[in-house]
Amino acid sequence: MFVYALYLIISVAQAKTIEQFWTISNFTQNLDGVERMALGVNGKPGYMTSINAERGDRLIIHFTNHLNLPTSLHMHGLFQNGTGFMDGPAGMTQCPVAPGHTFTYDMMLEDVVGTYFWHAHTKLHLMDGLRGPLIITDPEEDGEVIQDQVIMMTDWYHEQSDNILTAFQNKDTNPEGILPIWSSGLINGMGQFDCKYATSVCTEKQKWIFQNVEPSSTVRLRLINTSGLAAFFFSIDGHKLTVVEADGIRMDPYEVDALTINIAQRYSVLVTMNQQPGNYLIRANMYIGTPWTNTPSMPPGMNPNVTAILNYAGVESNVSPNIPFAMEKLVILDDNQLTPERPSQPPPVGPNDLVLLYEFAFKTLPGDTYKKAYATVSKLVPSLEANPADNINSTTTIAPNGLAWDQMFSGSFKSNSSNPVLHQAHSQGAVWKPAKSLNAIFLTKGQVVDIVVRNDGTMEHPFHLHGHVVWVMATGQAKSVADVPTVYKNQNPLRRDVVTIPPCPKGEDGKCLEASVRGGESAGIKNPFPQAVEGTWFGYSVLRFVADNPGTWSFHCHIEWHIASGLVVTFVESIPDIQLLNRSTVSDDTCSSFNDMKTWKQEKKGIIRETKKSDTFIGWREHWPPCSKRCEDGAGSAETGLARLVFLVLKEEESIDISLCSDGARLLAGVLWLKGRGLANKETGVDGAMTVKEATEDGIDGDVWNKLGSVGLG
């Protein structure tokens, strides 16, 4: 005990504070040969902003938003135990950070070591480039590795995500909900698009090179998939991969030739440089078609075989790579064969614990404007407690042990960014009645929770639970819920925070096999689950966790298009303890600024279409954060500048950076904006409301003034 206490004292003494200042902006980037506007940090692409820390450090990120729309930041894989307000998902734990404002993320890194990543958690900003590595080490655990290298894989779209999302969420043009396929794949921010298919200026890009690796050395590669949709098949020609970590959990060494890394998953692999010195291809092949995507074809110019170079020291990096790739000889990782280095026996499920059946489907119901994801969650109860009227299906049966599934809800998730879920729970406590659209599941402190995730589709789904890692108790395919195992022999099962839910087995017609196809019966299962409507075979995973982290935590598919479609449920852990969490002033201030400032919405190429009147107006420049287009105001006269501003707004094709306009143009635009709302500009001393008549008297055409009002400028 004394030695352990001494270790804690030393650890605390060695802990440090890592403080970073981030400014988020939208600027031109060229990652695969094709230029596009993309998001980044301090003027650099997101992948270039790496957080490197040690266990026990304090991490502070001052996150300043210079976009023209709100956003937020999430540290994927961190538990945020006691700091749930720092988790980041907009509408879940915080309001998004309004343009021109700063949110300070402040957290302790006490209970995590390994490979993680940070990313935006508002809309699809992750896919616009706001993502990067987060590495937490423990020198006493990690030992000596000559080189430690991040390899970040991602898909890359040439269009802004908002534009693609608008087309995706249109039941008229996309009634089947076909997922938009990426344009390129990137390794550490570098990809190669085939320029002959480019519709804009395109320049040839080189491969990323892992340079000057010493022969006979062992390197640690930290593999991170930060995609919105793509999974990768990773290997290095001629070299074995020894897996030692999955999603921040250290594993007993397991040697393979290649592995699949799904969206938001991470692996650490040790690679020994035991080949003839030369150059070797690092391969990250992107999966296309089922079960990975529901789009069988690739867009023109997209090369799914993304490669980089492993370069031995003493060899020129432009020398042709050695050794052809021999796929038929590969040993491929099955992550269910991984064993955590530190055993962690899952606690048993008792009478006061919770067993859930989680089903989901994609459909367009009356009133829906696009094909949404609907989650249906039922709990296992004694048959006498089941409500037949609410049951998951009319043919749900009672198991031999007298249990039945009782439906809790069925719905598509939608939160309110102006009033986050955690804020509601924290403020209202036991009297809180969450909106149906939050798909809320209440848990008591210490409760053991089993989630039987059933996948009735031909696509796999990478599910992630915030605030926890889960034990993967079982995974497989079945034709009846009664065939899903209920007794689990593995005393040290795989633990991770992103689990791939397998698809159903499919027939020659591409659809799930009918339940009449034999196999997988429940023989030998002592206490089977109750059945539900079966119909076809399905894939499943049984996940277990303990409700030991008070907060409101998202459980969602990490395919970004599916999050946007509503494939999310909310675990509300221990309301009494949620109310004890420290709710910092930055959380409330962020909601105030988000709600009080005008809300920006974008269409097409970024034109602002809607605003809200500001009750507490700080300065009109805050309402014009940096955008994409220079204000070309000729000789710099106020009239010319304002005319250019009006033209761009009404044309609905471009956004401007008004800070680049002449002083006269900015002053006149600001005065008119303020006058129209009866607000005082402390810089000019102008107050009072401006009517159409007054605008006309000031030389501004009344019709133009009315049009400005229709888009929030008048």
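Throughout this description, residue numbers start from 1 for each chain and increase along the sequence as written. Per-residue local features of the predicted model are confined to residues with pLDDT of at least 70, and side-chain atom pairs are confined, for both listing and counting, to 80 or more; whole-chain, interface and lining totals are unaffected and use all residues. The side-chain figures draw on all heavy atoms in the structure; neither hydrogens nor water molecules are used.

(A) Inspection of the overall build of the chain at higher detail. The way it works is that DSSP assigns letters per residue, a run of H or I at least four long becomes a helix, a run of E at least two long becomes a strand, and they are numbered from the N terminus. Assigned secondary structure in the chain consists of 11 helices and 36 strands. The buried share of the chain, taken over its 714 residues, is 55%. In this description, contact between two residues means that some pair of their heavy atoms is separated by no more than 4.5 Å. Excluding contacts between residues fewer than 6 apart, the proportion of contacts in the chain whose partners are at least 24 apart in sequence is 77%. Computed with a 1.4 Å probe, the accessible areas rest on the Shrake-Rupley method; for each residue, only the protein chains presented here act as cover. Carbon and sulfur atoms make up 52% of the accessible area of the chain, which totals about 29,800 Å². Under the scheme applied here, a residue whose accessible area is under 20% of the maximum for its type counts as buried, over 50% as exposed, and between as partly exposed, the area being computed with a 1.4 Å probe on protein chains only.

(B) Fine view of the packing of aromatic side chains. The aromatic pairing rule takes the rings of Phe, Tyr and Trp, using the six-membered ring of Trp, and pairs them if the centres are within 6.5 Å, calling planes under 30 degrees apart stacked, those over 60 edge-to-face and the rest tilted. The final tally for this structure, using the stated rule, is 18 aromatic pairs. Their ring planes at 70 degrees and their centres at 5.8 Å tell us that Tyr-157 and Trp-561 sit as a pair that is edge-to-face. In this pair, Tyr-157 is assigned in the loop between β10 (147-156) and α3 (161-168) and Trp-561 in helix α5 (residues 560-564), connecting sequence segments 404 residues apart. Accessibility assignment for this pair places Tyr-157 and Trp-561 in one class, buried. When the centroid spacing of 5.7 Å and the interplanar angle of 65 degrees are considered together, the rings of Trp-432 and Phe-442 count as edge-to-face. Taken together, the residues Trp-432 in the loop between α4 (421-428) and β24 (440-443) and Phe-442 in strand β24 connect sequence positions 10 residues apart. The structure contains a cluster of three or more aromatic residues connected by ring pairs, namely Tyr-358, Phe-360, Phe-362, Phe-463, Phe-545, Phe-555 and Phe-571. One residue, Arg-36, lies across the ring of Trp-156, its end atom 4.9 Å from the ring centre. Two limits define a charge over a ring: the Lys NZ or Arg CZ must be within 6 Å of the ring centre, and within 35 degrees of the ring normal.

(C) Local environment of the nonpolar core. In these notes, a set of buried Ala, Val, Leu, Ile, Met, Phe, Trp, Tyr and Cys residues joined through side-chain atoms within 4.5 Å is what counts as a nonpolar core. Tyr-358, Trp-561 and Phe-571 are the most contacted members of the largest nonpolar core, which totals 87 residues. Each residue touching Phe-571, except ones within four places of it in the same chain, is listed here: Leu-356, Ile-441, Leu-443, Val-449, Ile-451, Leu-465, Phe-545, Gly-551, Thr-552, Trp-553 and Phe-555. Formed by 30 residues, the second largest nonpolar core is a distinct cluster that contains Leu-59, Phe-63, Phe-103 and Val-586.

(D) Structural view of the sheet that holds strand β5 (residues 58-65). Strand order in the open sheet made by the five strands is β3-β2-β1-β5-β7, with mixed pairing throughout. Both outer strands of the open sheet, β3 (44-45) and β7 (102-108), are each paired with one neighbouring strand and no more. A pair of strands is considered paired only if DSSP assigns at least 2 bridges between the two. Two elements, strand β1 (residues 17-30) and strand β2 (residues 35-41), share seven bridges in a ladder whose sense is antiparallel. The partner of Ile-24 across the bridge, within β2, is Val-41.

(E) Expanded view of the pairing of strand β4 (residues 51-54). Burial of the side chains of β4 is restricted to one face: Ile-51 and Ala-53 are buried, whereas none of Asn-52 and Glu-54 on the reverse face is. Relative to strand β9 (residues 131-137), β4 runs parallel, the two being bridged by four bridges. The residue of β9 that forms the bridge with Ala-53 is Ile-136.

(F) Inspection of the pairing of strand β15 (residues 241-246) at higher detail. With six of six residues buried, β15 is to be regarded as a mostly interior element. In this sheet, strand β16 (residues 249-256) lies alongside β15 in antiparallel orientation, the contact comprising five bridges. Paired with Val-243 across the strands is Tyr-254, a residue of β16. Connecting β15 to the next strand, β16, in antiparallel fashion are two residues, including Asp-247 with a positive phi near 55 degrees. Bridge count for β15 against strand β18 (residues 266-272) is four bridges, and the pairing is antiparallel. Opposite Val-243, over in β18, you have Val-269 as the bridge partner.

(G) Structural context of unusual backbone geometry. Going from Thr-290 to Pro-291, the amide bond is cis rather than trans, its omega being 5 degrees. Checked against the element boundaries, Pro-291 lands in the loop between β19 (279-286) and β20 (305-312). For Asp-247, which is not glycine, the phi torsion reads 55 degrees and is therefore positive. Locating Asp-247 in the fold gives a position in the loop between β15 and β16. Exposure remark for Asp-247: the relative accessible area of 1% places this residue in the buried category.

(H) α4, seen in detail. In terms of burial, α4 is largely enclosed, as six of its eight residues are buried. All buried positions along α4 are accounted for by Val-421, Leu-422, His-423, Gln-424, Ala-425 and His-426. Just downstream of α4, Gly-429 is the residue with a positive phi angle, here 60 degrees.

(I) Highlighting the sheet that holds strand β13 (residues 218-225). Strand order in the open sheet made by the six strands is β11-β10-β13-β18-β15-β16, with mixed pairing throughout. The sheet is open, and its two edges are formed by β11 (184-187) and β16, each paired on a single side. This sheet shows a mean twist of 20 degrees between the axes of neighbouring strands, independent of strand direction. Sheet topology places β10 next to β11; four bridges connect them, and they run antiparallel. Across the sheet, residue Trp-156 finds its bridge partner in β11, namely Ser-184. Angles shown run from 0 to 180 degrees and are taken between the N-to-C directions of axes, each axis being a line fitted to C-alpha atoms and, for helices, limited to the stretch in contact.

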